[in-house]
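Structural characterization, general
Spelled out, the chains give:
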Amino acid sequence: MTDSKEILLEVQQLQKSFGDRIVLNGIDLQVGKGEVIVILGPSGCGKSTFLRCLNGLESVQGGVIQYRGQNLAEGNVDWPEVRQHIGMVFQNYDLFPHMTVIDNILLGPLQVQKRDKNEALQQAEQLLDRVGLLDRKDAYPRQLSGGQKQRIAIVRALCMNPDIILFDEVTASLDPEMVREVLDVILGLANQGMTMIIVTHEMGFAKSVGDRIVFIDQGKICEIATAQQFFTAPATERAQHFLDIFQY
Amino acid sequence: MLMNLDWEFIVESLPLYGDAMWLTVKLAFWGILFSLIIGLLFSVILYYKVSVVSGVIVAYIELSRNTPLLVQLFFLYYGLPKIGLHMSEMTCAIVGLTFLGGSYMTEAFRSGIEAVSKSQIESGLSIGLSKVQLARHVILPQALAISIPSLGANAIFLLKETSIVGAIALMDLMNVAKDLIGMHYKTAESLTLLVLAYLVLILPLSLVLTWVERKVRYAEFGD
Amino acid sequence: MQNLGIEVLFEGSNMERLLGGLLVTIEISFISIVIGTILGVFMGLLRTLDSKLLKFILRLYLEVFRIIPILVWLYVVYFGFTPLLDINISGEVTSILVFSLWGAAEIGDIVRGALESMPKHQIESSKALGLSNGQIYRYILIPQALRRMLPGSINLATRMIKTTSLVVLIGVIEVVKIGQQIIELGVIKAPTASFWVYGFIFILYFLVCYPLSRLSKRYERKWQN
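Residues numbered from 1 in each chain as written. Chains lettered and ligands numbered in written order. Predicted model: local features only at pLDDT ≥ 70, side-chain atom pairs only at ≥ 80, totals over all residues. Heavy atoms only, no water.

1. Some remarks on the overall build of chain C
As a reminder, the rule being used: Per the convention used, a helix needs a DSSP run of H or I reaching at least four residues, while a strand needs a run of E reaching at least two, with both numbered from the N terminus. Only protein chains enter the calculation, and the probe is 1.4 Å; a residue is then buried if its accessible area is under 20% of its type maximum, exposed if over 50%, and partly exposed in between. Using the Shrake-Rupley algorithm and a 1.4 Å probe, accessible areas are obtained, with residue cover drawn only from the displayed protein chains. The charge count includes Lys and Arg as positive and Asp and Glu as negative, but it does not include His or the ends of the chains. Charge coordinates come from a single atom per side chain, which is NZ of Lys, CZ of Arg, CG of Asp or CD of Glu.
Helices and strands together make up the secondary structure of chain C, namely 8 helices and 0 strands. Secondary structure elements in chain C, listed N-terminal to C-terminal, are α-α-α-α-α-α-α-α. A principal-axis box enclosing the C-alpha atoms of chain C has dimensions of 75 × 50 × 25 Å. The proportion of buried residues among the 225 residues of chain C is 45%. A total accessible area of about 12,000 Å² is found for chain C, and carbon and sulfur atoms account for 65% of it. A gap of 13 Å separates the mean positions of the 21 positive and 15 negative side-chain charges of chain C.

2. Side note on the side chain of arginine 83 of chain A
So the rule is basically this: Any carboxyl oxygen of Asp or Glu within 4 Å of a side-chain nitrogen of Lys or Arg constitutes a salt bridge here. A 3.5 Å cut-off defines polar contacts: any pair of N or O atoms within that distance qualifies, except that in protein one atom must be a possible hydrogen donor and the other a possible acceptor, and neighbouring residues in sequence count only when both atoms are side-chain atoms. Note on contacts: a residue pair qualifies if any of its non-hydrogen atoms lie within 4.5 Å across the two residues.
Tracing the chain through its elements places arginine 83 of chain A in helix α2 (residues 79–83). Lacking a salt bridge, the buried arginine 83 of chain A has aspartate 78 of chain A as its closest oppositely charged neighbour, with an N-O distance of 7.9 Å. Here the side chain of arginine 83 of chain A touches asparagine 55 of chain A through a polar contact of 2.9 Å, landing on its backbone oxygen. Leave out the neighbours within four places in its chain, and arginine 83 of chain A touches Asn55, Gly56 and Leu57 of chain A together with Leu125, Ser126 and Gly128 of chain B.

3. Quick look at the interface of chain B and chain C
To be explicit about the condition: Values labelled buried area give the accessible surface lost by two parts on being combined, using a 1.4 Å probe and summing over both. Gly counts as polar in this scheme, as do all residues outside two lists: the nonpolar Ala, Val, Leu, Ile, Met, Phe, Trp, Tyr, Cys and Pro, and the charged Asp, Glu, Lys and Arg.
On the side of chain C, 37 residues touch chain B, which itself brings 36 residues to the contact. Of the roughly 3,200 Å² buried between chain B and chain C, counting both surfaces, carbon and sulfur atoms make up 77%. The tally of links from chain B across to chain C stands at 2 salt bridges. Between lysine 217 of chain C and glutamate 107 of chain B there is a salt bridge, and its shortest N-O distance comes to 3.8 Å. The interface formed by chain B and chain C includes 6 residue pairs in polar contact (both at pLDDT 80 or more). Elements with a minimum of two residues in the side of chain B that touches chain C: α2 (51–65), α3 (69–79), α4 (89–115), α7 (173–184) and α8 (187–218) of chain B. By residue number, the principal contributor to the side of chain B that touches chain C is α8 of chain B, which donates 10 residues. Here the side of chain B that touches chain C is built from residues that sort into 23 nonpolar, 7 polar and 6 charged.

4. Quick look at the pattern of salt bridges
Residues and elements named next belong to chain C. This model, assessed by the stated rule, comprises 23 salt bridges over all chains. Among the ionic pairs, arginine 112 bridges to aspartate 109, the shortest N-O distance being 3.0 Å. Residue arginine 112 and its partner aspartate 109 are both found in helix α4 (residues 91–116); the two are separated by 3 residues, about one turn of the helix. Taking the relative accessible area as the measure of exposure, aspartate 109 reaches 16% and is therefore buried. The network of salt bridges with common partners includes Arg47, Arg66, Glu106, Asp109, Arg112, Glu116 and Arg159.

5. Quick word on the nonpolar core
Convention followed: Only buried residues count toward a nonpolar core, which is a set of Ala, Val, Leu, Ile, Met, Phe, Trp, Tyr and Cys residues joined through side-chain atoms within 4.5 Å.
Of all hydrophobic cores here, the largest spans 108 residues; its most connected members are Leu70, Leu194 and Tyr198 of chain B together with Val176 and Ile201 of chain C. Sequence-distant contacts of tyrosine 198 of chain B, defined by excluding residues within four places in its chain, comprise Ser163, Asp172, Leu173, Met174 and Leu203 of chain B together with Ile68, Pro69 and Val72 of chain C.

6. What to know about α7 of chain B
All names here are of chain B. As a reminder of what qualifies: Multiplying 1.5 Å by the helix residue count minus one yields the expected span of that helix.
For α7, spanning 12 residues, the distance from its first C-alpha to its last is 16 Å, which sits close to the expected 16 Å at 1.5 Å a residue. By the burial criterion, the buried members of α7 are Leu173, Met174, Asn175, Val176, Ala177, Leu180 and Ile181. Count one or two residues on from α7 and you reach tyrosine 185, which has phi positive near 55°.

7. Observations regarding the confidence of the model for chain B
Detailed reading of predicted coordinates is not advised where the pLDDT is low. Going by this rule: The score called pLDDT rates the predictor's confidence residue by residue, from a low of 0 to a high of 100.
Counting all residues, the mean pLDDT for chain B is 90, and 96% of those residues have values of 70 or more. Confidence scores differ between elements of chain B, with α8 of chain B showing the lowest mean pLDDT of 87 and α4 of chain B the highest of 94.

8. Quick look at the environment of aspartate 78 of chain A
With respect to the helices and strands, aspartate 78 of chain A occurs in the loop between β5 (70–71) and α2. Considered as a pair, aspartate 78 of chain A and glycine 56 of chain A are 22 residues apart in the sequence and their alpha carbons are 9.7 Å apart.

9. So, the sheet that holds strand β4 (residues 62–67) of chain A
Residue and element names in this part refer to chain A. Selection rule: Pairing between strands requires that DSSP locate at least two bridges from one strand to the other. A fitted line through C-alpha atoms represents every axis, and for helices the fit uses only the stretch in contact; the resulting angles, taken between N-to-C directions, go from 0 to 180 degrees.
On the basis of which strands lie adjacent, the open sheet formed by 4 strands has the order β2-β1-β4-β5 and antiparallel pairing. At either end of the open sheet lies a strand with only one pairing partner, and these are β2 (21–32) and β5. With 5 bridges joining them, strand β1 (residues 7–18) and β4 adopt antiparallel strand pairing. Bridging across to β4, glutamine 15 finds its partner in glycine 62. Against the sheet, helix α1 (residues 47–54) engages β1, β2 and β4, with an angle of about 120° to β1.

10. As for the arrangement of the chains
With 2 pairs of chains in contact overall, the greatest share of contacts is found between chains B and C. Here chain A and chain C are not in contact; the least distance found between their C-alpha atoms is 22 Å.

11. Digging into the packing of aromatic side chains
Note the following rule: Each pair of aromatic rings taken from Phe, Tyr and Trp, with Trp reduced to its six-membered ring, is defined by centres within 6.5 Å and is described as stacked if the planes are under 30 degrees apart, edge-to-face if over 60, and tilted in the remaining cases.
With the rule as written, the count across this model stands at 23 aromatic pairs over all chains. Ring centres 6.3 Å apart and planes at 25° place the aromatic pair phenylalanine 75 of chain B and phenylalanine 202 of chain C in the stacked group. One end of the pair, phenylalanine 75 of chain B, is in helix α3; the other, phenylalanine 202 of chain C, is in helix α8 (residues 193–222), on a second chain. For phenylalanine 202 of chain C, a relative accessible area of 13% translates into the label buried. Relative to tryptophan 102 of chain C, the ring of phenylalanine 99 of chain C has its centre 6.0 Å away and its plane inclined at 50°; by these criteria the two rings are tilted.

12. Looking at the packing of helix α6 (residues 133–163) of chain C against α8 of chain C
All names here are of chain C. Selection criterion: The cut-offs work like this: below 35 degrees is roughly parallel, past 145 is roughly antiparallel, 65 to 115 is roughly perpendicular, and the gaps in between are oblique. A clockwise turn of the near helix away from the far one marks a right-handed crossing, whereas an anticlockwise turn of less than a right angle marks a left-handed crossing.
Where α6 contacts α8, the axes come no closer than 8 Å and their chain directions differ by 165°. It follows that α6 is roughly antiparallel to α8 by the angle criterion. Relative to α8, the crossing made by α6 is left-handed. Listed contacts from α8 to Leu150, Pro151, Ile154, Asn155, Thr158, Ile161 and Lys162 of α6 are Tyr205, Val208, Cys209, Leu212, Ser213, Leu215, Ser216, Tyr219 and Glu220. Of the residues assigned to the contact of α6 with α8, the class counts are 10 nonpolar, 4 polar and 2 charged.

13. Examining the sheet that holds strand β3 (residues 36–40) of chain A
Residues and elements named next belong to chain A. The strand order across the open sheet built from 6 strands is β6-β7-β8-β3-β9-β10, with neighbouring strands paired in mixed fashion. Sheet topology places β6 (86–89) and β10 (220–226) at the edges, where each strand pairs with a single neighbour. Across the sheet, the mean angle separating the axes of adjacent strands is 20° when strand polarity is ignored. Note that β6 and strand β7 (residues 164–168) share 4 bridges and pair parallel. The residue of β7 that forms the bridge with isoleucine 86 is isoleucine 164. In the packing of helix α9 (residues 237–246) onto the sheet, contacts are made with β3, β9 (212–217) and β10, and the angle to β9 comes to roughly 95°.

If you want it as C-alpha cells, here you go:
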C-alpha cells in the first residue's frame, strides 16, 4: 500500500446521477503519488463516468474531489487550469483530424500553457521517440493505424506534464494485434512512476500494471485490493463472479 | 434559328448586358459576404446558447427562410420609407439579400458545428483548452471544412436570387432584357443573351462546387 | 385612436382580396406540384436505369433549372413563346408550365436519391425470406423510399410557394399585385399603406410556409435514425 506516500487526489462520497438514475453512489478513493490504480467492473457500472468526473467532463451531484487544496466537486473550478495537471486519454483516441501529429501534441503546450516553442517541440519529439513514432510526426491522424493514434494521444496527454493521467478504456477500440503496443507504453509509464488511473477490460494488463485494483459494481466500490490479492483471492462474491466471467 | 438572330443587335447590346452583369456580381459579392459574416456570428451564438439572443436569432431564421425575397424587398423598399427608413435601391438589395442569405449561412455553419463530434470537444477540453481556444483550434476548422459544400450551394442560391432585384427598379439583367424586348422587339436575341449571361455567371461556380463536393466527400485532411 | 394606417387592411373588401390573391399563388404552386410529382416520379425511375445517355440528358435537364434562375425561365416562356412560337400564353399558364417542369426536375432528383440510397442487403435479405419482386417493392422498398422522399418534397413545396411570388413580374394578378392595387388606390387616404400591406403579405407567406418547413424538419428528424 502507499500510506507513506503523498496523497495526490482524494475522492470522498462522490455522487453522480443522470436524471433519476444514480450512476455513482458514494465513491471513496485516495490516489497516492506514483500509484497506478486500475478500475475494473462490469459494463455500465460507472467506472468511465468516475474518470470523467475527475476531469470535469461530468458534473457531480455530491461529495468531494480534493486535489491540490481545492475541491473539484464544487461549481467554480477553473477546469482549463486543472486539466493541465490531470490528463486524459480516451477510447476513440480523438486526435484532431485537421492537424498533424506534432500540431496535435503541441496545441496544449503552446496555446494553453504558453510554453516556449523550441522547448515544447524538443519534449514532444523526445516523447514521440519513446513511443517509436518520431518518424510520423508530420503525418495526419488518418494516415495512422489505431494503435499509432492511441500512442500519439498518450503523448499528447504526457506533453502537458500532468500529475495524473486518466486512461478510459484506451484499448477497447483497437484491433487485437495493436493492443500490445499501447499497453507497453502505459506499462513503461508505470515503471517511471507516473500516477495513473486506468479503466480497462484487459485483465492480464490490469494484473501486471496495477498497484491497486478498484472493483466497482452498481456505482459503488465493492473491493479495493492489491492486484495480487484481487486476482488470486478476491474478497467479495461479486468480484469473484466478475473474474469467473473473464476466465473463459 | 441561330442564323436568324440579329448579330449586329447582339453586339450592340453586349455593353448593356455587361453593365448589368457587373451589377449582379457586385450585389452577389456584398450579399454573400455579409451573409457569411452573419452566418458565422449567429451560428457561434446559437452554439453557445446565449439565452435571449439565441431566441431572437431562431425567430429571424424562421422569418427569413419562410418568406420570399421579393416580398422582403418590397417591404424594405416601399414599406420601410413610410415609417421614415429610406434606403437606396442598391442598399436595399444588399440588405434584402443579406436578410435572406444570413439565415441560410447560419444553418450551414450550424450543421457543420454540430457535425463535430462530442468526443472531439472533450478531447480538446481534456488538454485544458478554454471555450474560445476550443472554438478556434478544434471546432471551427473542422466545422468549416464540413460546411463548405453547403456554403457554396448557398452562395449560388444567392447569386440566382439577385435576379429579383429588378423588381425594385435596379437596372439588372432581367430589366435590360425586358427593356430591349419592349423597345426593339428583339425577343430571341434579348432572351438568348439573358440566359447566356446567367450561364456565364453561375456555371463556373457550379462546376467548382461540384468539384469541391467530390473532394470533401472522398478525401479528408492529409491529402 | 390615432390613425396608424393599419386600417387599410380592413377597409372594404381589402382583406378578402388579399387572401384571394394568396389563394392564386397557392393554386399555382399546388397544380405545379401535382404535375411536377407525376412527371418527376417517372423521371426519377428513368434516372435509376442503366442508360448513360438517359442519365446524362436527365441530369442536364435538372441542371438547367439549378443554374439558371426560375425568373429567367418565366421571362423566356412569357416573352418568348408568343412571338417565337406563335402561341398566346398567359402569365398563369406560363407559371404553371415553368413550375411544373422545375418541380419534375427536383422531384426526379429526390426520387432517384431515395431509390439509390436503398441498401442492397435489404433486397437480398428480403429475397432470402422468399418475398417476390412485387412483394419486395410493396413491403420493403416503396414504404422506405416514400419516407426518404417526404422531407425533401415538403421542402420543395415550400420553396415553390415562395418562388411563386415571382409571377407578379409576368403580370399574374396574385397577392402582391393586389397589394399594389390597394396601395395605389389608397395613396392619398392612407399614405403608410405600403408599409402595412407589404408587411401583411410578408406575414401571410410566413404563415403558409412556416408550418410546412416545421413538418419537413419533423419528418427529417423522425426518419433520420
